[in-house]
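# Structural overview
One-letter residues, chain by chain:
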Amino acid sequence: MQPNETPASMEVEAAIPSASAAATLPPKPLFEPLKAHEMSDGRVQFRKVSVPPHRYSPLKKAWLDIYTPVYDQMKIDIRMNLKARKVELKTRADTPDVSNLQKCADFVHAFMLGFDVVDAIALLRLDELYVESFEIKDVKTLRGEHLSRAIGRLSGKGGKTKFAIENATKTRIVIADSKIHILGSFANIKVARDSLCSLILGSPAGKVYSKLRAVTARLAERF
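Residues numbered from 1 in each chain as written. Predicted model: local features only at pLDDT ≥ 70, side-chain atom pairs only at ≥ 80, totals over all residues. Heavy atoms only, no water.

### Regarding helix α5 (residues 100-113)
Here α5 is 14 residues long and its end C-alpha atoms lie 20 Å apart, about the 20 Å a rise of 1.5 Å per residue gives. The buried fraction of α5 amounts to 11 of the 14 residues, a majority that puts the element mostly inside the structure. N100, L101, K103, C104, A105, F107, V108, A110, F111, M112 and L113 are the residues of α5 that are buried. Looking one or two residues past α5, G114 carries a phi angle of roughly 125°, positive in sign. (Helix = DSSP H or I, 4+ residues; strand = E, 2+ residues; numbered from the N terminus. Expected span 1.5 Å × (residues − 1). Buried < 20%, exposed > 50% of the residue type's maximum accessible area, 1.4 Å probe, protein only.)

Okay, structure coming up:
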């Protein structure tokens with residue numbers, strides 16, 4: 001090659017597979033979805049839920065209602081550890097979904113917070129439900145009779161105010177001393193929490209009702 005000559009560019013043609021070659025390729029493999037125990041390399045996963053002293057007797061009465069959906073429907077082993085006073089949950093070989101263990105733990109935890117079994121069982125069936133907890137002192141520092149009056153405003157006469165907020169926002173509310181627990185969807189929990197905070201800060205129930213009606217009407221239009 002002379003020094004003045006430029007090297008000829010190499011032309012490479014991509015080989016196009018023929019129809020016969022494509023026909024000889026093996027079919028794509030079809031794999032079944034992994035089971036819960038296979039995702040964790042066969043290791044058993046555990047959850048433990050503590051039982052408060054005041055929920056020990058209700059747990060004994062409602063044990064069969066808690067045990068049946070967890071064991072039969074969610075395929076999760078459950079037992080009560082009397083020595084440690086904890087409800088223990090673990091996955092089985094036939095657990096269909098790895099998220100069932102956490103759902104069952106949330107269900108049992110909701111019952112320990114004070115929710116009824118018929119309300120807490122919705123956590124097993126719906127994915128968009130949550131439990132949010134806060135204390136009255138997180139909103140406003142109250143002591144003595146002021147705290148008692150705030151709790152009374154939250155409940156209302158015979159629980160009327162609490163039931164009105166629950167029905168309007170499609171949530172469930174538990175008022176345990178100065179702690180408040182709300183079970184529902186994210187948007188509904190926010191509306192219920194705002195109403196409860198207004199009552200804690202001293203708003204009259206009538207004003208909270210009217211504001212609640214306006215907010216729930218907007219939510220109904222949106223959805």
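### Brief notes about the packing of aromatic side chains
All chains considered together, the criterion is met by two aromatic pairs. With a centroid separation of 6.4 Å and an interplanar angle of 35°, the aromatic rings of W63 and Y67 are classed as tilted. Taken together, the residues W63 and Y67, both in helix α4 (residues 63-73) and four residues apart, mark about one turn of the helix. Since its relative accessible area comes to 23%, W63 is described here as partly exposed. Taking 5.3 Å as the distance between ring centres and 10° as the angle between the ring planes, the aromatic pair formed by Y67 and Y71 counts as stacked. Here Y67 pairs with Y71, and both are found in helix α4, just four residues apart, close to one helical turn. By relative accessible area, Y67 is classed as partly exposed at 27%. (Phe/Tyr/Trp six-rings, centres within 6.5 Å; stacked < 30°, edge-to-face > 60°.)

### Description of the pairing of strand β2 (residues 76-81)
The pairing of β2 with strand β3 (residues 86-91) spans six bridges and is classified as antiparallel. Bridge pairing in β3 links D77 to K90. From the end of β2 to the start of β3, which pair antiparallel, there are four residues, and R85 there has a positive phi angle of about 55°. (Pairing = 2+ DSSP bridges.)

### Focus on the sheet that holds strand β5 (residues 172-176)
Read across the sheet, three strands follow the order β4-β6-β5 without closing on themselves; strand pairing throughout is antiparallel. Looking along the sheet, the strands with just one partner apiece sit at the ends: β4 (130-135) and β5. Each neighbouring strand pair of the sheet contributes to a mean axis angle of 15°, computed without reference to strand direction. Relative to strand β6 (residues 179-184), β4 runs antiparallel, the two sharing six bridges. Residue pairing across strands places E135 opposite K179, the latter belonging to β6. (Axes fitted to C-alpha atoms, helices over the stretch in contact; angles between N-to-C directions.)

### A look at unusual backbone geometry
Positive phi outside glycine occurs at K75, with the angle close to 60°. In this fold, K75 is placed in the loop between α4 and β2. Overall, the relative accessible area of 29% leaves K75 in the partly exposed class. In this model, K170 sits at a positive phi of 55°, which is unusual for a non-glycine residue. Structurally, K170 is set in the loop between α10 (160-169) and β5. Judged by its relative accessible area of 69%, K170 falls in the exposed class.

Just geometry here; none of it tells us what the structure is for.
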